[in-house]
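Tertiary structure, described
If you want the building blocks of each chain, they are given just below.
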Amino acid sequence: MVGRTRRFALADTAQQVVGGFLLAGPFVVTDEVWALAVGMEWYQAVTTAIIVLLVGYGALYKADDDRDPDREAEVGGIPLRFVSLIAVSYLSVAILALSFDAPATLIPNHVEPPVPMRDQIYITLKAMSVGAVFSVIGAATADSVF
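Treat the numbers as computed from the prediction; the structure is a model and nothing was measured.

Overview of unusual backbone geometry
Cis geometry is adopted by the peptide bond preceding proline 114, which originates at proline 113 and carries an omega value of -5 degrees. With respect to the helices and strands, the residue proline 114 is situated in the loop between helix H5 (102-106) and helix H6 (117-145). Unusually for a residue other than glycine, aspartate 101 sits at a positive phi of about 55 degrees. Position of aspartate 101 relative to the elements: it lies in the loop between helix H4 (80-99) and H5.

A closer look at the pattern of salt bridges
Two side chains that carry opposite charge are able to pair once their charged atoms sit near each other. Scanning the entire structure with this criterion turns up five salt bridges. For the salt bridge of arginine 81 with aspartate 143, the shortest nitrogen-to-oxygen distance reads 2.9 Å. Within this pair, whereas arginine 81 is found in helix H4, its partner aspartate 143 is found in helix H6, the two being separated by 62 residues in sequence. Summarising the burial analysis for this pair, arginine 81 and aspartate 143 share the class buried. Salt-bridge contacts for arginine 118 lead to aspartate 119; the nearest nitrogen and oxygen are separated by 3.4 Å. Through salt bridges that share partners, Asp12, Arg67, Glu72, Arg81 and Asp143 make up one connected network.

Here's the deal with the environment of serine 92
Turning to its location among the elements, serine 92 is positioned in helix H4. Using a relative accessible area of 1% as the deciding quantity, one classes serine 92 as buried. Considering only alpha carbons, one finds serine 92 and valine 145, 53 residues apart in sequence, at a separation of 19 Å. Ignoring anything within four residues of it in the chain, the contact list for serine 92 reads Gly20, Phe21, Ala24 and Ser135. Of note is the side chain of serine 92, whose polar atom sits 3.2 Å from the backbone oxygen of serine 89.

Things to note about the environment of aspartate 70
Within the fold, aspartate 70 resides in the loop between helix H3 (42-62) and strand E1 (74-75). Classification of aspartate 70 as exposed rests on a relative accessible area of 66%.

Basis of the calculations
Residues numbered from 1 in each chain as written. Predicted model: local features only at pLDDT ≥ 70, side-chain atom pairs only at ≥ 80, totals over all residues. Heavy atoms only, no water. Helix = DSSP H or I, 4+ residues; strand = E, 2+ residues; numbered from the N terminus. Salt bridge = Lys/Arg side-chain N within 4 Å of Asp/Glu carboxyl O. Buried < 20%, exposed > 50% of the residue type's maximum accessible area, 1.4 Å probe, protein only. Contact = heavy atoms within 4.5 Å. Polar contact = N/O pair within 3.5 Å; in protein donor to acceptor, adjacent residues only side chain to side chain.

Treat this as a map of the structure, not an account of what it does.
Written out as structure tokens, the structure is:
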């Protein structure tokens, strides 16, 4: 390990939140993201979730020699910093989508109303998976840079 390992603190989560919200915002209100979500199959949403995990882990631990996941505090064997990053990535997208009422506003552009609540939730989860790809980049960058 190179250098000194910095402990994960609340300030790190705050940095992740800023970065996650910053990059998630434009994607949450983009009609094209919701069109993608309407057309996505379940396995494509799972693939984007895997991408979020891989990008997040890579940005935190592979791109930064000062971090060692084996020396960080853990939750169920998973580094707390990584858990926080993934939670921030998805929650920032969810909070923004619901705050802007994006599902009710943008889903009807691509699906004939009325859209059943179950379908609206499913499409929203798929849109969140797309937005989280970008949110995780912002969150991890903010955590690494600041």
